[in-house]
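# Structural description and commentary
If you want the building blocks of each chain, they are given just below.
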Amino acid sequence: MKPASTAPSAHDATPATTIELAVSGMSCAACVGRVERALGAVPGVEQASVNLATQRATVRGAASGQALLAAIERAGYAARQLDGPAGLEDAQAQAEQEAERAQLQRDWLLATLLALPVFVLEMGAHMVPGMHHWIAQHIGERNSWLLQCVLTTLVLLGPGRRFYRQGIPALLRGAPDMNSLVAVGTLAAYGYSLVATFAPHWLPQGASHVYFEAAAVIVALILLGRMLEARAKGRTSAAIARLLRLQAKTARVRRGEQFVDLPIDQVLAGDVLQVHPGERIPVDGQLLEGQSFVDESMISGEPVPVAKTPGQQLVGGTVNQTGAFTMQATAVGEATVLAQIIRMVQQAQAAKLPIQALVDKVTLWFVPAIMLIAALTFGAWLLLGPAPALTLALVNAVAVLIIACPCAMGLATPTSIMVGTGRGAELGILYRKGQALQALHEVRVVALDKTGTLTEGRPTLTDLETTGGFTPEQVLAHVAAVEARSEHPIARAIVQAAEQQALTLPAVQAFESVTGLGVRAEVGGQRVEIGADRFMQQLGLDCGVFASTAQRLGSEGKTPLYAALDGRLAAIIAVADAIKPSTPAAIAALHAQGLKVAMITGDNARTAQAIAQRLGIDEVVAEVLPGGKVQAVQALRAAHGPVAFVGDGINDAPALAEAHVGLAIGTGTDVAIESADVVLISGNLQAVPNAIALSRATMRNIGQNLFWAFAYNTALIPVAAGLLYPLWGVLLSPVFAAGAMALSSLFVLGNALRLRRFVPPLAA
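Residues numbered from 1 in each chain as written. Predicted model: local features only at pLDDT ≥ 70, side-chain atom pairs only at ≥ 80, totals over all residues. Heavy atoms only, no water.

### Things to note about the UniProt feature "domain: HMA" (unreviewed entry) in the chain
For clarity, the threshold we go by: UniProt positions are given in the numbering used here, feature names are shortened, and annotations may be inferred rather than shown by experiment. A run of DSSP states H or I qualifies as a helix once it reaches four residues; a run of E qualifies as a strand once it reaches two. Both are numbered from the N-terminal end.
Feature annotation in UniProt assigns "domain: HMA" (unreviewed entry) to the following positions: residues 17-80. Within the segment residues 17-80, helix and strand shares are 34% and 38% respectively, and the terminal C-alpha atoms sit 17 Å apart.

Here is the structure:
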């Protein structure tokens, strides 16, 4: 029987953390599955996700970094733990990728130079009339084979060594990968050729043929494919590279009585910095002295520079345009807005979409199944094939091994995610969770919060119409003077309007709030009364002169106020939360995408319906508290299907979390909104249809990649096995199999890179 209480173990006491690892040596989907299984077997690991395109592993749980690294090494791969700042880690990763690309290029060039004479000597003898006799006369067949043997041996021991160093141990562990397929295929061709060259009596009559050119050229072609893949992968991570280039390398920091240039990682929160015109602002901070215009298009998407004066916030990575100023650092290192953006893009690119589960299930047994098919192909040709049966058996088995490398399968999903999320970052769309890419294309209704999302989020004076000889400036000055005594948002909007017009506010005396009706006071010797129509009626004033204006304001969802001066009706006033200029086009674009649009708001139903009618919104849920928004999202989901909720990420957090996808309208400087799946850092509602369009384009791209990868293998493995030979006498040379295999991966990468040219439906 289990005891009532037990002492917590060391494992139980260890908090769950997320560890990121850079893994090297992975070449196909089988490698990904092997590393994930190795990590998943480590005690304390709750979840492990490995990405082939980024060469990274993300592990959540209580296991130590050392245990995870040891597990990866036992699986046959190298790894290191990522624990530095995002920018430094990515710079190091880029340097490693550049070194790998350079090494691949050197290996490919060497392999090509060595393999080319082998190919010419062997294939030229079969393809060029008279060349066979020329070789026999001037070189001799045996000398030709010996020369091919030497050159091929140099290819396999030099540039091709990487396939055997990784593939043979994986095969011996019973976990073959792409390198194993290449190793077995080339060694089979090479070994058979060695026997034909040095011990031909071991082979049946008529079976003494050499395939040195197959082994050498296969290595050269696969290295070419790997090199082009590496270059294409570099382009898929271009978004991260561009973000890294936005980071300043040094900062001019006050130390004592003077400013000195220091590396950016030595800047501390609270330091005073000096920024000159044309320089990037080093870190997030607050302007202390001076003023300037700053290009903040990096975070807002708006091309117009923003005026900055003392006390205003500055974002690291943005560009100072005109004036010099001093600032105080408020956030440095990983706490800056730019570092948060980089981290979000990294996390999204490393994510594994639900659709990837299908690929994982297939590739788990794919390579072993290919080796079995190759063995069956060899056996069938040896037993049933025409003479020379052994030669044909070898050629077809090697073709099966080479053509079936699952590189394209492993790259199909992650490369599209990398390019799609990177393009999103350029458009101000941050997918905090990579899964949102797939979830967003499934939504059927977009629910929008009103305040701060559809509207500006702050009341402003929208209408002021006077009568009886009163001027708008006179009325506004008197009304603002009275409302300056109030803290109500409507009062503040009226006062701000007077300040914007630089009006002088007269002195106020005898201020009085009339409960439920309005306010009154003495202003510059005049009695001023402000309130609703019922207040004016109590004062004996007829508001009929403004009847048509009041009706128009009501249809626009605005509540009119009236002002009286010295007992005479002077003006009708309306204060409202203005609709953002970008809102109508955004709603139209969502409708064009076939989506229903709903508005969920705490405002009164009349105002909400008026706004919905103006914007063409399909459904309205009004007068709800933040908790009621969750029920509204649930009701919309029950009626229409998956719901995307768009809010400001603060009071809308419950609804953002409840929705199929939560999209937070960011302020540009507050991007780490934990409750949202997608952050729109520009604050522009037009980013919503752009995000949905990008999601749909990315999922289409993934579907195309997966179709190509699976259809390619399904169609060409039977051809490589020789099934067309009985009908048309067609066999697939291992050399062409290697070329086709490389092309399949390049097709997938090239198709993913098309997303870099994605044009949003509402371009800025």
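More follows now that the structure is in view.
### Quick notes on the sheet that holds strand β18 (residues 518-523)
Heads up, the condition is: Pairing between strands is defined by DSSP: at least two bridges between the two strands are required. Angles here are taken between N-to-C directions and fall from 0 to 180 degrees, while the axes themselves are lines fitted to C-alpha atoms, restricted in helices to the stretch in contact. In what follows, residue pairs with any heavy atoms lying within 4.5 Å of each other are defined as contacts.
In spatial order, the strands read β16-β21-β20-β19-β18-β17; together these six strands make up an open sheet with antiparallel pairing. Each edge of the open sheet is held by one strand with a lone partner, namely β16 (455-466) and β17 (508-514). For this sheet, the mean inter-axis angle between neighbouring strands, taken without regard to orientation, is 20 degrees. Judged from the six bridges that link them, β18 and strand β19 (residues 526-531) form a sheet pairing that is antiparallel. When the sheet's bridge partners are listed, Ala521 is paired in β19 with Val528. Across the sheet, helix α19 (residues 472-483) touches β16, β17, β18, β19, β20 (560-565) and β21 (568-579), and the angle it forms with β19 is around 80 degrees.

### Here's the deal with the confidence of the model for the chain
For clarity, the threshold we go by: On a range of 0 to 100, pLDDT expresses the predictor's confidence in each residue.
Predicted confidence across the chain gives a mean pLDDT of 85, with 92% of residues reaching 70 or more. Here residues 1-13 is a poorly scored stretch, pLDDT under 50, and it has two contacts once near neighbours within four places are set aside; other chains count.

### What to know about the sheet that holds strand β12 (residues 319-320)
Pairing is antiparallel in the open sheet, where three strands are placed in the order β10-β9-β12. Of all strands in the sheet, those bounded by a partner on one side alone are β10 (306-308) and β12. Strand direction decides the pairing type here: strand β9 (residues 292-295) and β10, joined by three bridges, are antiparallel. Bridged to Phe293 within β10 is Ala307.

### Observations regarding unusual backbone geometry
Residue Pro388 follows Ala387 across a cis peptide bond; omega there is -5 degrees. Within the secondary structure, Pro388 is located in the loop between α14 (366-384) and α15 (389-403). Positive phi values are uncommon outside glycine, yet Ala502 reaches one of about 55 degrees. Its place among the elements puts Ala502 in the loop between α20 (489-500) and β17. Phi is positive for Asp566, which is not a glycine, with a value near 50 degrees.

### Some remarks on the pairing of strand β1 (residues 17-24)
The pairing of β1 with strand β3 (residues 56-61) spans six bridges and is classified as antiparallel. In the strand pairing of β3, Glu20 is matched with Thr58. Direction of pairing for β1 relative to strand β4 (residues 78-82): antiparallel, over a ladder of five bridges. Residue pairing across strands places Leu21 opposite Gln81, the latter belonging to β4.

### Some thoughts on the domain arrangement of the chain
Note the threshold: Where a domain begins and ends is set by an automatic assignment or by a domain database.
In terms of domains, the chain is made up of domain 1 (17-83), domain 2 (250-333), domain 3 (351-425 + 695-763), domain 4 (429-454 + 580-681) and domain 5 (456-578). When each unit is reduced to the centre of its C-alpha atoms, the spacing between domain 3 and domain 5 is 73 Å.

### Focus: the pattern of salt bridges
Let me state the cut-off plainly: In the sections that follow, a salt bridge refers to a side-chain nitrogen of Lys or Arg positioned within 4 Å of a carboxyl oxygen of Asp or Glu. A simple rule labels every residue: compare its accessible area, found with a 1.4 Å probe on the protein chains alone, to the largest value its type can have, and call it buried under 20%, exposed over 50%, or partly exposed in between.
Considering all chains together, one arrives at 16 salt bridges under this definition. The closest approach of N and O atoms between Asp449 and Lys629, which form a salt bridge, is 3.0 Å. Of this pair, Asp449 sits in strand β15 (residues 445-449) while Lys629 sits in helix α25 (residues 626-640), and the two are 180 residues apart along the sequence. In this structure Lys629 comes out as buried when scored by relative accessible area, which is 5%.

### With respect to helix α22 (residues 547-555)
Put simply, the rule is: Throughout, the arc means the angular range of directions from the helix axis out to the C-beta atoms.
Those residues of α22 that sit buried are Thr549, Ala550, Leu553 and Gly554. The arc that holds the buried residues of α22, viewed along the axis, is 135 degrees, so those residues lie on one side. For α22, the exposed residues lying more than 90 degrees away from the buried face are Ser548 and Gln551. Here the buried face of α22 lies against β16, β20, β21 and α24 (605-615). Remark: Gly557 follows α22 within two positions and exhibits a positive phi of approximately 80 degrees.

### Describing the environment of Ile494
You can see Ile494 is positioned in helix α20. Given a relative accessible area of 1%, Ile494 falls into the buried group. Not counting residues up to four positions away in its chain, the partners in contact with Ile494 are Leu476, Val479, Ala480, Glu483 and Val575.

### Topic: the UniProt feature "transmembrane region" (unreviewed entry) in the chain
Within this numbering scheme, the UniProt entry marks residues 108-125, 145-160, 181-203, 209-228, 362-384, 390-413, 706-725 and 731-753 as carrying the feature "transmembrane region" (unreviewed entry). Secondary structure across residues 181-203 divides into 78% helix and 0% strand, with the first and last C-alpha atoms of the span separated by 25 Å. The span residues 209-228 is 85% helical and 0% strand by assignment, and the distance between its end C-alpha atoms comes to 33 Å.

### A short note on α19
In plain terms, the rule: Take the residue count of a helix, subtract one, and multiply by 1.5 Å to get its expected span.
Taking 1.5 Å per residue, twelve residues should reach 16 Å; α19 reaches 16 Å between its end C-alpha atoms and fits that length. Most of α19 sits out of view: nine of its twelve residues are buried. Those residues of α19 not exposed but buried are Val475, Leu476, Ala477, His478, Val479, Ala480, Ala481, Val482 and Glu483.

### Some points on the environment of Gln92
Structurally, Gln92 is set in helix α4 (residues 86-127). Residue classification places Gln92 among the partly exposed positions, given a relative accessible area of 38%. Put simply, Gln92 and Val735 are 643 residues apart on the chain and 36 Å apart in space, counted from C-alpha to C-alpha.

### Examining the packing of helix α23 (residues 583-592) against helix α27 (residues 687-721)
To be explicit about the condition: Should an angle fall under 35 degrees it is called roughly parallel, over 145 degrees roughly antiparallel, and 65 to 115 degrees roughly perpendicular, with every other angle called oblique. We call Asp, Glu, Lys and Arg charged. Ala, Val, Leu, Ile, Met, Phe, Trp, Tyr, Cys and Pro are nonpolar, and the rest, Gly among them, are polar.
The interhelical angle for the contact between α23 and α27, taken along N-to-C directions, is 25 degrees, at an axis separation of 8 Å. Looking at the two axes, α23 sits roughly parallel to α27. Residue-level contacts link Ala586, Ala589 and Leu590 of α23 to Val688, Pro689 and Ile692 of α27. When the residues that make up the contact of α23 with α27 are grouped by side-chain class, the tally is six nonpolar, no polar and no charged.

### Section: the packing of α15 against helix α29 (residues 734-753)
Two numbers describe how α15 lies on α29: the axes approach to 8 Å, and their chain directions differ by 10 degrees. One way to sum up the angle between α15 and α29 is to call them roughly parallel. Seen from α15, the contacting residues are Val395, Val398, Ala399, Ile402 and Ile403; seen from α29, they are Pro734, Ala737, Ala738, Ala740 and Met741. Residues belonging to the contact of α15 with α29 are distributed by class as follows: ten nonpolar, no polar and no charged.

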